[in-house]
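# Observations on the model geometry
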Amino acid sequence: MDSGRASHVEGRGLSRRHFISGTGSILGAATLGAFDLPPAAAAPREAVIEPGAQVTALVIGSGYGGSVTALRLAQAGVDVHMVEMGMAWDTPGTDGKIFANTTSPDYRSFWLSTRTKQPLSNFLGFPLDRDVPRYTGILDAEEMGGIVVYQGRGVGGGSLVNGGMAVTPERSRFPAVLPSVDADEMYDVYYPRANSTLGVRTIDPAWFDTTEAYTYARVGRNHAQRSGFRFVFVPNVYDWDYMKREAEGSVPRSALAGEILYGNNHGKKSLPKTYLAQARATGRVTISPLHRVTSVTPATGGYSVTVEQLDTTGTVTATKTVTARRVFFAAGSVGTSKLLVRLKGTGALPALNHEVGNGWGENGNVMCGRANHLWDPTGALQSSIPTAGIDNWAAGGAFAEVAPLPTGIETWASFYLSITNNPHRARFTWNAAAGKVELDWQTAWKQPSITMAKTIFDKINAKEGTIYRSDLFGVHKIWGDHLTYHPLGGAVLDKATDNYGRLRGYSGLYVMDGALIPGNVSVNPFVTITALAERNIERIIADDF
């Protein structure tokens, strides 16, 4: 924002410093009946796993792949125990809410960190990050190999912290994503099944055109269309009827209160309200929150699994060994990949093949902001749920979400998260000397993403006579090229596994999450992760059980 715009803000009776302290954090994430129930009413039942337990099916992780796996196994009559590193998120905090607000990060916000690491680190020259108590918070900003990977921590995984954009990739792009998978069965059976169970819906276009909360997105539409780009509505898992009631003032605000990055207290249909609620209803699924798997080794009757129990400071309070007949790795692309690479490198599972750890990518994520003219306001009230994007994939290799900046005050700014066709792939490896898994991602590999995103925003800026914001990601830094919300790969389908997620080299071990997808899906990935898990578990149940 230039000095003229800043003066305009101050001229309305709000000092620059007060503006910053009031906004605190800026949204960057980027997500059956009534969905406005608190998570406690729909969380899977807890049953902390006991030392020596014998488990038929152990699912590591409770995100999209793990939740699909647990539900479909349970419906097939299989008893399932889920182990989740994060919390259950079923107890209100000191403010009476389960989740913290995006603009006020507190102890609930970040995973075992004493300082926030927010996607937007600066605003108008002021740093946004702050000290917080160390706690098993909901958002993990894991830094490795020159990139920060944002991941959800808790029962429901990434569904707790994403923007809910439920995008099925265009069919023509699918063969480049998963060449070994039959596209017909995905688009005829498994994508529809996933979308139905997730509760995916598209915003009412008439309401979109009139509501104050999407002024920012309408500005994004005008700018895109004036520059000749295709503007598309994107389905979401948010309860649009609830959002309309929020706007009317008849229910507690959630999306319209800026809730998203650290959880959403009401309207978003995260996994505890969809797949995990159905899994709970079977009576066959139990879950151990704050439990972390550290080892899996072959044993009589299946696999010996070592599990650490954590308290909310991250301290290990117990170490347990259980036996599982079958183990499903669903800890997310990073969690699953790191665990498998460690198990192979330490000799716990030495027969895992050389493809384990390969093919990791960040879905081409890059962020930017644009400073608009004073006569083109984006709105003080902005729904935290994105619902539209600019499609230039065919010509420029980029799809850009029109994302919110829910500060509660007018910013005259447009903000975007782009997904680009970045070709670079990284590898996880085991560093025996350091005793840890490392990722060889290079910061310079983000340049193709920037170049592709510029095919959209250079043209819009030229048409509108606007400029890029340079106060969001550090001093004089235009591009948010340091992060990803969409980690993918590391145990790629039909390479590290067979064509249905069975790990090569071992019977009874499976990968069921985004680690199967090699680095890029061209859109937000969770619907594809869900649909692929639906496909794979159906075959696994038919053949292996």
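Scroll up a little and you will see the structure.
### Section: the overall build of the protein chain
- On a plain count of helices and strands, the protein chain comes out with 13 helices and 20 strands.
- In terms of overall dimensions, the protein chain is globule-like: its C-alpha atoms have a radius of gyration of 22 Å, near the 24 Å expected for 545 residues.
- Dimensions of the protein chain, computed from C-alpha atoms along their principal axes, come out at roughly 75 × 50 × 50 Å.
- Per-residue burial over the protein chain gives 64% buried out of 545 residues.
- Computed over 51 positive and 49 negative side-chain charges, the separation of the two mean positions in the protein chain equals 1 Å.

### Regarding the sheet that holds strand β12 (residues 366-371)
- Spatial ordering of the open sheet is given by β7-β13-β14-β15-β12-β18, a layout of 6 strands whose pairing is antiparallel. Sheet topology places β7 (230-233) and β18 (467-468) at the edges, where each strand pairs with a single neighbour.
- Note that strand β13 (residues 388-392) and strand β14 (residues 398-403) share 4 bridges and pair antiparallel. For Asp 391, the partnering residue across the bridge sits in β14 and is Phe 399.

### A few points about the packing of aromatic side chains
- This structure, assessed with the given rule, holds 22 aromatic pairs.
- Measuring from ring centre to ring centre gives 4.7 Å for Tyr 64 and Phe 526, while their planes differ by 5°; the resulting arrangement is stacked. Of this pair, Tyr 64 sits in helix α3 (residues 64-75) while Phe 526 sits in helix α13 (residues 526-544), placing them 462 residues apart in sequence.
- With a centroid separation of 5.8 Å and 35° between ring planes, the pair formed by Tyr 214 and Tyr 216 is classed as tilted.

### A closer look at the pattern of salt bridges
- Applying the stated rule across the entire model yields 29 salt bridges.
- Here Glu 142 and Lys 338 are joined by a salt bridge, their closest N and O atoms 2.5 Å apart. Taken as a pair, Glu 142 in strand β5 (residues 139-144) and Lys 338 in helix α10 (residues 332-345) lie far apart in primary sequence, 196 residues in all.
- Linking Asp 184 and Arg 171 is a salt bridge whose minimum nitrogen-to-oxygen distance equals 2.0 Å.

### Structural notes on the sheet that holds strand β19 (residues 483-484)
- Taken in spatial order, the 3 strands of this open sheet run β5-β6-β19, and their pairing is mixed. Of all the strands in the sheet, just β5 and β19 have a single pairing partner and so form its edges.
- Bridge analysis of strand β6 (residues 147-152) against β19 gives 2 bridges, and the strand direction is parallel. Following the sheet pairing, Val 149 is matched in β19 by Thr 484.

### Details of α10
- An ideal rise of 1.5 Å per residue puts 20 Å on 14 residues; α10 measures up with 19 Å between its terminal C-alpha atoms.
- Among the residues trailing α10, Gly 347 stands out with phi positive, at a value near 90°.

### Points about α3
- Given a rise of 1.5 Å per residue, 12 residues ought to cover 16 Å, and the 17 Å separating the end C-alpha atoms of α3 matches this to within 8%.
- Counting buried residues in α3 gives 11 out of 12 residues, a clear majority hidden from the surface.
- Of the positions making up α3, those classed as buried are Tyr 64, Gly 65, Gly 66, Ser 67, Val 68, Thr 69, Ala 70, Leu 71, Arg 72, Leu 73 and Ala 74.
- Once α3 ends, the next one or two residues include Gly 77, with phi positive near 95°.

### Focus on the packing of helix α5 (residues 183-198) against α13
- It is at 8 Å that the axes of α5 and α13 come closest, and there the two elements cross at 115°. It follows that α5 is roughly perpendicular to α13 by the angle criterion. Note that α5 runs across α13; the crossing there is right-handed. When α5 is examined against α13, the residues Glu 185, Met 186, Tyr 190, Tyr 191, Arg 193, Ala 194, Asn 195, Thr 197 and Leu 198 are found in contact with a partner set consisting of Phe 526, Val 527, Thr 528, Thr 530, Ala 531, Leu 532, Glu 534, Arg 535 and Glu 538.
- Its residues assigned to classes, the contact of α5 with α13 shows 9 nonpolar, 4 polar and 5 charged.

### Details of the pairing of strand β17 (residues 436-439)
- Along β17, the buried face is formed by Val 437 and Leu 439; none of Lys 436 and Glu 438, which line the opposite face, is buried.
- Two strands pair when backbone bridges link them, and strand β16 (residues 428-431) and β17 are joined in this way by 4 bridges, in the antiparallel orientation. Across the sheet, Thr 429 pairs through a bridge with Glu 438, a residue of β17.
- Linking β16 to β17, which pair antiparallel, is a turn of 4 residues; within it Gly 435 sits at a positive phi near 65°.

### Digging into the environment of Met 243
- Structurally, Met 243 can be placed in helix α8 (residues 240-248).
- Remark: the alpha-carbon pair of Met 243 and Leu 256, spanning 13 residues in sequence, is separated by 7.5 Å.
- When residues no more than four places from it in sequence are discounted, the contact partners of Met 243 are Trp 207, Tyr 214, Tyr 238, Ala 255, Leu 256, Ser 383 and Ile 385.

### Some details on the side chain of Thr 116
- Here Thr 116 lies in the loop between β2 (80-83) and β3 (122-123).
- Residue Thr 116 is classed as buried on the basis of its relative accessible area of 4%.
- If near-sequence neighbours (up to four positions away) are discounted, Thr 116 is found in contact with Pro 105, Phe 110, Asp 129, Arg 130 and Val 132.

Quick notes on the rules
- Residues numbered from 1 in each chain as written.
- Predicted model: local features only at pLDDT ≥ 70, side-chain atom pairs only at ≥ 80, totals over all residues.
- Heavy atoms only, no water.
- Helix = DSSP H or I, 4+ residues; strand = E, 2+ residues; numbered from the N terminus.
- Rg over C-alpha atoms; globule rule 2.2 N^0.38 Å.
- Buried < 20%, exposed > 50% of the residue type's maximum accessible area, 1.4 Å probe, protein only.
- Lys, Arg positive; Asp, Glu negative; His and termini not counted.
- Charge placed at Lys NZ, Arg CZ, Asp CG, Glu CD.
- Pairing = 2+ DSSP bridges.
- Phe/Tyr/Trp six-rings, centres within 6.5 Å; stacked < 30°, edge-to-face > 60°.
- Salt bridge = Lys/Arg side-chain N within 4 Å of Asp/Glu carboxyl O.
- Expected span 1.5 Å × (residues − 1).
- Axes fitted to C-alpha atoms, helices over the stretch in contact; angles between N-to-C directions.
- Parallel < 35°, antiparallel > 145°, perpendicular 65-115°, else oblique.
- Left-handed = near helix turned anticlockwise from the far one by under 90°.
- Contact = heavy atoms within 4.5 Å.
- Nonpolar A, V, L, I, M, F, W, Y, C, P; charged D, E, K, R; others polar.

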